[in-house]
Amino acid sequence: MDKCNWVPKKCSLFAWRAEMNRVPTVEALGKRGVVIIDDMCNFCNEGLDSVSHIFTACPLALGVWEKVSFWCRIQNFFVFSFRDLLEIHNVGSKGKSEREAIYGIILTTCWVLWKARNKLRFNRIRSNVDEIFREIRVVSFFWFKHRARKGVLDWKDWCKFVIM
Ligand SMILES: [Zn+2]
């Protein structure tokens, strides 16, 4: 997994653990002998609460990725596994700074999706695609602005994905 220089460590660490299937989904807990009756994804009730479903198959995640890929102008956004998400920034012919920005946004999106999943599962608060996408843009803007040391970054430019 590539290093990202601008998202917080907790965010990279989360992606690393998710890729190894070491985040506490119902599926992963089940493999460790912890049985949870409510084993379906709470967002759609169509798939198992697993890394692959939550991040690459759930209609909610697909809606979020559609917005993220449109925002960052990522063409051919096809992902079949969590690992594919961590490679998306290397596909195509983007420049270095755009690739770094995209990579961090992908990691941020995974982090925000996981938080939304926990909020629904543990607090019964349901977020929709627009709310999640808005949070991704806001959170990534502050992280990028403060950590990537790109000088002045304007919110409007960030929303248009103008990185220079
Ligand atoms: Zn789902």
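Residues numbered from 1 in each chain as written. Predicted model: local features only at pLDDT ≥ 70, side-chain atom pairs only at ≥ 80, totals over all residues. Heavy atoms only, no water.

Undergrad: Can you tell me about the packing of aromatic side chains, naming the residues and giving the values?
TA: Any two aromatic rings considered together are summarised by their centre-to-centre distance and by the angle between their planes. By the definition in use, this model includes 14 aromatic pairs. Consider the rings of W71 and W158, whose centres lie 5.6 Å apart with planes at 80 degrees: the pair is edge-to-face. You can see W71 sitting in helix α4 (residues 59-71) and its partner W158 sitting in helix α8 (residues 155-159), a full 87 residues away along the chain. In this structure, W71 and W158 share a single accessibility class: buried. Here the aromatic cluster, defined as three or more aromatic residues joined through ring pairs, consists of W6, W71, F133, F144, W158 and F161. (Phe/Tyr/Trp six-rings, centres within 6.5 Å; stacked < 30°, edge-to-face > 60°. Helix = DSSP H or I, 4+ residues; strand = E, 2+ residues; numbered from the N terminus. Buried < 20%, exposed > 50% of the residue type's maximum accessible area, 1.4 Å probe, protein only.)

Undergrad: Describe the coordination of the zinc ion, listing the residues and the values that go with them.
TA: For a metal bound by four donors in a tetrahedral arrangement, the ideal donor-metal-donor angle is 109.5 degrees, while six donors in an octahedral arrangement ideally sit at 90 or 180 degrees. For the zinc ion, the protein coordination sphere consists of C41 (SG), C44 (SG), H53 (NE2) and C58 (SG), at 2.1 to 2.3 Å. Taken together, the four donor atoms coordinating the zinc ion span angles of 97 to 119 degrees at the metal, a pattern that classifies the geometry as tetrahedral. Sequence spacing of the donor residues for the zinc ion, all on one chain, is C-x2-C-x8-H-x4-C. Placement of the pair is C41 in the loop between α2 (26-31) and α3 (51-57) and C58 in the loop between α3 and α4, with a sequence separation of 17 residues. What makes C41 buried here is its relative accessible area of 3%. (Donors = N, O, S within 2.8 Å, 3.2 Å for Na, K, Ca; no water. Tetrahedral: all angles 85-135°; square planar, octahedral: opposite > 155°, others 65-115°.)

Undergrad: Break down the layout of surface pockets for me, citing the residues and quoting the values.
TA: Here the largest pocket is characterised by a volume of approximately 250 Å³. Lining the largest pocket are M1, D2, K3, C4, V7, P8, K9, S12, L13 and W16. Residues of the lining of the largest pocket, tallied by class, amount to six nonpolar, one polar and three charged. As a volume, the second largest pocket reaches approximately 170 Å³. The wall of the second largest pocket is formed by R73, I74, Q75, N76, I88, H89, V91, G92, S93, K94 and I102. Along the lines of polarity and charge, the residues of the lining of the second largest pocket split into four nonpolar, five polar and two charged. (1 Å grid on protein atoms, 1.4 Å probe; cavity = no way out; pocket = protein on both sides within 12 Å on 5 of 7 lines; lining within 4 Å. Points joined across faces, edges and corners; volume = space filled by probe spheres on them. Nonpolar A, V, L, I, M, F, W, Y, C, P; charged D, E, K, R; others polar.)

Undergrad: Outline empty space enclosed by the protein, listing residues and values.
TA: Enumeration over the complete set of coordinates arrives at two cavities of 30 Å³ or more. Within this model, the largest cavity holds a volume of roughly 40 Å³. C41, F43, I54, C58, L60, L113 and R117 are the residues that line the largest cavity. Broken down by class, the residue content of the lining of the largest cavity amounts to six nonpolar, no polar and one charged. As for the second largest cavity, its lining consists of C41, N42, F43, D49, R117 and R121. For the lining of the second largest cavity, the residue count by class is two nonpolar, one polar and three charged.

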